[in-house]
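# Results of the structural survey
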Amino acid sequence: MKCDPTLYRAAPPSLAVKPRLVRHLFLPPLVIALMIGLGYIGFWVSEHYGIRSLSENGQRQLELHARAVESEISKYTYLPSLLELESSVSKLLDDPTPETRQTVNEYLEGLNRRSRSRAIYVMDTTGRVLATSNWRDVDSYLGEDLSFRAYFQNAVRGQPGRFYGIGSTNGEPGYYLAHGLEEHGKIIGVAVVKVRLEAMEERWQRARLEAFVSDENGIIILSSDPARRLKSVVPLSDETKEKLARSLQYYWFPLNELQPLARETLAEGVEKLTFPANSELAADEQNITYLAQTRPLSDTPWNFTLLTPLADLRREAINQGILVAVAFALVAFLLIAWNERRKVIATRLAAREALQEANNQLERRITERTTDLRASNERLKGQIRERRQAEETLRRAQDELVQAGKLAAIGQMSTSIAHELNQPLAALRTLSGNTVRFLERGQLDVASTNLKTINELIDRMGRITASLRSFARRGDDKGQASLGKAVDAALQLLGSRMESVHLDLHHDFNDVQVQIDQTRLEQILVNLIGNALDAMHAQPLPALWLEGEEYDGKYRLRVRDNGHGIDAEARKHLFEPFFTTKPGEQGLGLGLTLSASLAAATGGHLGVEHPASGGTTFVLSLPLVSPTSAEPI
Ligand code: ADP
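What you see is a predicted model; the values in this text were computed from it and never measured.

Among the surface-exposed residues, Y40, I41, W44, V45 and Y49 lie close enough to one another that they form a single nonpolar patch of about 540 Å² accessible area. Its place among the elements puts V45 in helix α1 (residues 13–74).

Laid out in structure tokens, this is it:
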């Protein structure tokens, strides 16, 4: 079954190839870009929420450790004010005698030991140390002028003196708490307690906690990492640096800034700080990022900062980002594969549908054409029936016409026939009368001769009527005849005559089937060949040619002789009934007339040609039964 090729005509290449090319060119970079983008978003979201949860957790830690720092500091706030109650101290301030000084020194020494502070000392209003707990030490404060210290200046004005600084005598850091000692509403001196806070740092280190405390100047005074100590967490102007240096608060230490590589404020008191890898603060190779949470410490202008490393969180966020990117790549791959498969299935379905459609169309066309064919077949059958009927009618009409023609011909010939018959009848009458008289006279031999003549005349009349009867007979015009057989029969009939003249006979025709009664064809041929033999009786080398050819659905047989031919006058009457040139009883003059009529009755024709070379050619044309059945003889 063939399908309509137009159904499978592909789309124009320009339309089919371009989008695919574009897809192939842009899809991989797009997928990679989306992978990177989504991976980054995954990383960012994971880090963001991780920081949030870390900062919530860190807030609790911050509170806990800040409280610990606060309690550590506040533990000593009451201590300097206690000295107000001590009478020896008041006495020393009123009258600083060596004895009183010694008494106070010893008192302070005992108090310092019990309170586990670093040093306790008393100053007069000028800032000179009058008595101190470390009076025995070489680097004792005794007699030192510390009026430049900020805690003294505050305390002497009646304000609480809180101060972190580095000792100007021994360069030891400490927390100084100063209190103005009053007597009768007047400040007579200042009591100072120096506390060491390094224990806190050690505690942080043991707990692997990263934290620091920055003072009112933004200088880190306590830090779990010693490298950060005495670094500024805020930018310091040159003026501030100079002022701080003058105050000797931080002794002679250089006050560098703790400069992070990146700083990002996440919320109030929450920052993200990154320190460089090669920083002296960072031990390992990589940059270190911290979540820095800061909270002010109560009762002091200080801040406590808790540092939580974000390395683990960042690693986890990177893993999450990679996971998101890989998941997206997997989903993209599955989607692309699914889409490709969907397209393949769609193409197959479309092809199947197209094939089905082509089949349906073909079947529809076959059905339509079968219907058409059936209809045209029916029409043809109808037409054949009609034609057969018409043929039948025509044939009947033809028969009628032929019959009518024959009768008409006989009618036309009737005068001639009557004349032809009257002559012998008249002769018969005379002869029979004469014969009777001769018999009466006893002339038997004459009577016998007359009777013979009478016999001959009767024969002739019989022949005439027989010919006419057979011509007029209805129904013998149909049938088919074999030309070969008819020629053979005619030659056999004329055999004795042919032998006597030593005829040179030439055959050149096919044994075809022609539409005429076999006997009638033989009759025609006997007439034509017989006439030829008659015409050649004086010819020393008589020759007869029988030549045939197929022409326009008919078979044309030429009967040619080399006889005396036909003169011009005879040619005019050749086919007229009873025209004969033959002497005596030899010719009836009906042969050509009847032969022509018989040929015409079957749709054929009999004609004559007069070759220039001499002789005569009669041409007999008869319709062929089947033009293709011709076989050479
Ligand atoms: P018949 O043979 O009885 O004379 P036809 O009708 O057969 O009658 O012939 C008519 C005349 O035509 C003949 O008498 C003859 O003169 C002439 N004729 C016929 N055939 C030939 C022929 N082959 N050659 C010369 N004349 C012919």
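Read on, since the account is not over.
Below, the discussion takes up the site of the ligand. Taken together, 20 residues surround the ligand, and among them T580, T581, K582, L588 and G589 come closest. G589 is positioned with one of its backbone polar atoms (N or O) 2.8 Å from an oxygen atom of the ligand. Between the ligand and L592 there is a distance of 3.1 Å, counted from an oxygen atom to a backbone nitrogen or oxygen. Expressed as a share of its isolated accessible area of 530 Å², the protein-covered part of the ligand is 95%. Structurally, the ligand is housed in the largest pocket. Among the secondary structure elements, those contributing two or more residues to the shell around the ligand are α12 (518–535), α14 (591–601) and β20 (616–623). With 3 residues, α12 is the largest single contributor of residues to the shell around the ligand. Tallied by class, the residues present in the shell around the ligand amount to 9 nonpolar, 9 polar and 2 charged.

Sheet architecture is open: 6 strands sit in the order β7-β6-β13-β12-β11-β10, paired in antiparallel fashion. Two strands close off the open sheet at either side, each with one partner strand: β7 (220–223) and β10 (262–267). Geometrically, the sheet is characterised by an average inter-axis angle of 25 degrees between neighbouring strands, direction not taken into account. Packing against the sheet, helix α6 (residues 198–206) makes contact with β6 (210–214), β7 and β13 (303–309), and its axis sits at approximately 45 degrees to β7.

What follows deals with the pattern of salt bridges. This structure, assessed with the given rule, holds 27 salt bridges. The shortest N-O distance in the salt bridge between E549 and R558 comes to 3.2 Å. Residue classification places E549 among the partly exposed residues on the basis of a relative accessible area of 33%. Bridged by salt links that share partners, the residues R118, E172, K194, R196 and E198 form one connected network.

What follows covers the layout of surface pockets. Taken as a whole, the largest pocket encloses approximately 1,100 Å³ of empty space. For the largest pocket, the lining is made up of 45 residues, of which N531, D534, T580, K582 and G587 are closest to its centre. Sort the elements by how many residues they give to the lining of the largest pocket and α12 lands first, with 10 residues. Looking at the lining of the largest pocket residue by residue, the classes come out as 17 nonpolar, 19 polar and 9 charged.

Looking now at helix α7 (residues 238–247). Quick reminder: α-helices carry 3.6 residues per turn. Residues three or four places apart thus point the same way. Sparse coverage of α7 is indicated by the burial of 1 of its 10 residues. In the segment just after α7, L248 is the residue with positive phi, at about 55 degrees.

A packed helix pair is summarised by two numbers, namely the angle formed by the two axes and the spacing between the axes. Contact geometry of helix α3 (residues 87–94) with helix α4 (residues 98–115) gives a least axis separation of 9 Å together with a crossing angle of 145 degrees. The two elements α3 and α4 cross, and the hand of that crossing is left-handed. Across the interface between the two elements, S88, V89, K91 and L92 of α3 pack against T100, R101, T103 and V104 of α4.

Moving on to the UniProt feature "transmembrane region" (unreviewed entry) in the protein chain. Taking the UniProt record as the reference, the feature "transmembrane region" (unreviewed entry) is found at residues 25–45 and 317–338. For residues 25–45, the helix share is 100%, the strand share is 0%, and the end-to-end C-alpha distance is 31 Å.

Take the sheet that holds strand β4 (residues 173–183) next. Hydrogen bonds along the backbone pair up the strands of a sheet, which may run parallel or antiparallel. Here 5 strands make up an open sheet; going across it, the order is β2-β1-β5-β4-β3 and the pairing antiparallel. Bordering the open sheet on either side are β2 (129–132) and β3 (161–166), each of which pairs with just one other strand. Taken pair by pair, the neighbouring strands of this sheet meet at an average axis angle of 25 degrees, ignoring direction. Docked against the sheet, α4 engages β1 (119–124) and β2, running at close to 50 degrees with respect to β2.

Glancing now at unusual backbone geometry. The backbone of H502 sits at a positive phi, close to 50 degrees, despite the residue not being glycine. Note that H502 resides in the loop between α11 (495–501) and β15 (504–508). Since its relative accessible area comes to 67%, H502 is described here as exposed. The backbone of F578 sits at a positive phi, close to 65 degrees, despite the residue not being glycine. Within the secondary structure, F578 sits in the loop between α13 (568–573) and α14. F578 sits in the buried class, given a relative accessible area of 11%.

On to the packing of aromatic side chains, then. In total, this model carries 6 aromatic pairs according to the counting rule given. Summarising the aromatic geometry, the rings of Y164 and W302 are spaced 6.3 Å apart at their centres and angled 85 degrees between planes, so their arrangement reads as edge-to-face. A residue pair is termed long-range when its members are at least 10 positions apart, and Y164 in strand β3 and W302 in the loop between β12 (288–296) and β13 qualify at 138 residues. W302 shares its class with Y164; the two are buried. Connected via pairs of aromatic rings, a cluster forms that spans Y164, Y175 and W302. Its guanidinium or amino end placed over the ring of Y176, R149 lies 5.5 Å from that ring's centre, counting from NZ or CZ.

Reading guide: rules and limits
Residues numbered from 1 in each chain as written. Predicted model: local features only at pLDDT ≥ 70, side-chain atom pairs only at ≥ 80, totals over all residues. Heavy atoms only, no water. Patch = residues over 30% accessible without salt bridge, like charges linked within 9 Å, V, L, I, M, F, W, Y side chains within 5 Å. Areas by Shrake-Rupley, 256 points an atom, 1.4 Å probe, with all protein chains shown as cover. Salt bridge = Lys/Arg side-chain N within 4 Å of Asp/Glu carboxyl O. Helix = DSSP H or I, 4+ residues; strand = E, 2+ residues; numbered from the N terminus. Near = heavy atom within 4 Å. Polar contact = N/O pair within 3.5 Å; in protein donor to acceptor, adjacent residues only side chain to side chain. 1 Å grid on protein atoms, 1.4 Å probe; cavity = no way out; pocket = protein on both sides within 12 Å on 5 of 7 lines; lining within 4 Å. Sits in = over half its atoms within 2 Å of the grid points. Nonpolar A, V, L, I, M, F, W, Y, C, P; charged D, E, K, R; others polar. Pairing = 2+ DSSP bridges. Axes fitted to C-alpha atoms, helices over the stretch in contact; angles between N-to-C directions. Contact = heavy atoms within 4.5 Å. Buried < 20%, exposed > 50% of the residue type's maximum accessible area, 1.4 Å probe, protein only. Points joined across faces, edges and corners; volume = space filled by probe spheres on them. Left-handed = near helix turned anticlockwise from the far one by under 90°. UniProt positions renumbered as here; feature names shortened; annotations may be inferred. Phe/Tyr/Trp six-rings, centres within 6.5 Å; stacked < 30°, edge-to-face > 60°. Lys NZ or Arg CZ within 6 Å of the ring centre and 35° of its normal.

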